[in-house]
Amino acid sequence: MIRLREAQKQMTRRLLLEKALELFEGKGYVATTIDDIAAAAGTTRTTFYMHFASKAQLMQELVADLDEIFTSADDPPLRQVVKSGDRRLIRGFIETKADQWPATRPYVVAANQAAAVEPDIAATKEQWFAATIAEMQHGLDDARRFDPATRFMRCSLAFGELEYLSLRWMQRGWSVVDRETALSVLTDSWCHLLVDETSRS
C-alpha cells in the first residue's frame, strides 16, 4: 500500500508538471495560475501545494527536466567534443541540439518568460549557462589550446551563438535561413573559436 500511494503521488506530481507545461505554452507563464494548473490536472490547489511550494518551484523542476533532456543526448559529452577539436564531432553536437529544439521549445519559452518575473528562475538560468560554458572551457583546458586568458571568452561566444540561433529558430523556424546553411556556418564559427587551425579536419 505504501508503494502504491507513493506511485500515485509521483503520478500526480508528473501530471501537474505536464499540465503546467501545456498551459505555459498556451497561455504564457505569467497568465497561468496555480488554480489553472490544478484544474487541468483534475485536482485541487491544496494538492498542488502538497507537491510544490509555488509556481516558481514547479518551474524549477521543469528547468531541471530541460537540462536532463539536453545533456542525456550528448554522446560524447560537450567537454570531450571541445577537447577533441574534431570538426565532425562539433557538427554532430550542434545537429543534436537542433534536433532537440522542437521537443524543448515549450520548456525554453516558459523558462525565459519565468526568468523575467522570478529571480530564482533567472538565477538558475544563469547558473545553467555558466555550467555549460565551464564544460566547454574545461575542454579547452584539457586540450591546452589557446591562451588560457582567452578560453572563457571563446567558449562564451560559441555558446552564445548556439543560444541565439536556438531562440531565433523558436521564434521563426527555418524561415530566415535554411537549417543546413545555419548549422554549417555555426560549425565554422565554433571551429574558429575553439579549434586550432592546425588541428582542424
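Residues numbered from 1 in each chain as written. Predicted model: local features only at pLDDT ≥ 70, side-chain atom pairs only at ≥ 80, totals over all residues. Heavy atoms only, no water.

*Asks:* How should the pattern of salt bridges be read in this particular structure?
*Replies:* Overall, the coordinates contain 13 salt bridges when judged by the stated rule. Two residues, Asp99 and Arg179, come together in a salt bridge whose shortest N-O distance is 2.8 Å. Taken together, the residues Asp99 in helix α6 (residues 87-115) and Arg179 in helix α9 (residues 179-194) connect sequence positions 80 residues apart. Salt bridges sharing common partners tie together Arg91, Glu95 and Glu180. (Salt bridge = Lys/Arg side-chain N within 4 Å of Asp/Glu carboxyl O. Helix = DSSP H or I, 4+ residues; strand = E, 2+ residues; numbered from the N terminus.)

*Asks:* Can you help me understand the layout of surface pockets in this one?
*Replies:* If a probe as big as a water molecule is rolled over the atoms, it shows which places are left empty. As a volume, the largest pocket reaches approximately 490 Å³. For the largest pocket, the lining is made up of 26 residues, of which Phe70, Lys97, Trp128, Thr132 and Phe159 are closest to its centre. Taken as a whole, the second largest pocket encloses approximately 210 Å³ of empty space. Elements supplying a minimum of two residues to the lining of the second largest pocket: α8 (148-172) and α9. Considering each element in turn, the lining of the second largest pocket owes the most residues, six residues, to α8. A per-class count over the lining of the second largest pocket returns nine nonpolar, two polar and three charged. (1 Å grid on protein atoms, 1.4 Å probe; cavity = no way out; pocket = protein on both sides within 12 Å on 5 of 7 lines; lining within 4 Å. Points joined across faces, edges and corners; volume = space filled by probe spheres on them. Nonpolar A, V, L, I, M, F, W, Y, C, P; charged D, E, K, R; others polar.)

*Asks:* Would you mind going over the side chain of Asp74 with me for this structure?
*Replies:* Along the chain, the position of Asp74 falls in the loop between α4 (55-72) and α5 (78-84). Assessed through its relative accessible area of 19%, Asp74 is described here as buried. A polar contact is formed between the side chain of Asp74 and the side chain of Lys97, at a distance of 2.7 Å. Setting aside chain neighbours within four positions, we find Asp74 in contact with Phe93 and Lys97. (Buried < 20%, exposed > 50% of the residue type's maximum accessible area, 1.4 Å probe, protein only. Polar contact = N/O pair within 3.5 Å; in protein donor to acceptor, adjacent residues only side chain to side chain. Contact = heavy atoms within 4.5 Å.)

*Asks:* Mind showing me how you'd approach the nonpolar core here?
*Replies:* Looking at soluble globular proteins, one finds that nonpolar side chains tend to be buried together. Ranked by internal contacts, the top residues of the largest apolar core, which has 54 residues, are Phe24, Leu58, Met59, Leu62, Met136, Trp190 and Leu194. Elements that contribute at least two residues to this core include exactly α1 (2-27), α2 (34-40), α4, α5, α6, α7 (119-143), α8 and α9. Residues within four places of Met136 in sequence aside, it is in contact with Leu78, Val82, Cys155, Ala158, Phe159, Trp190 and Leu194. (Core = buried A, V, L, I, M, F, W, Y, C linked by side-chain atoms within 4.5 Å.)

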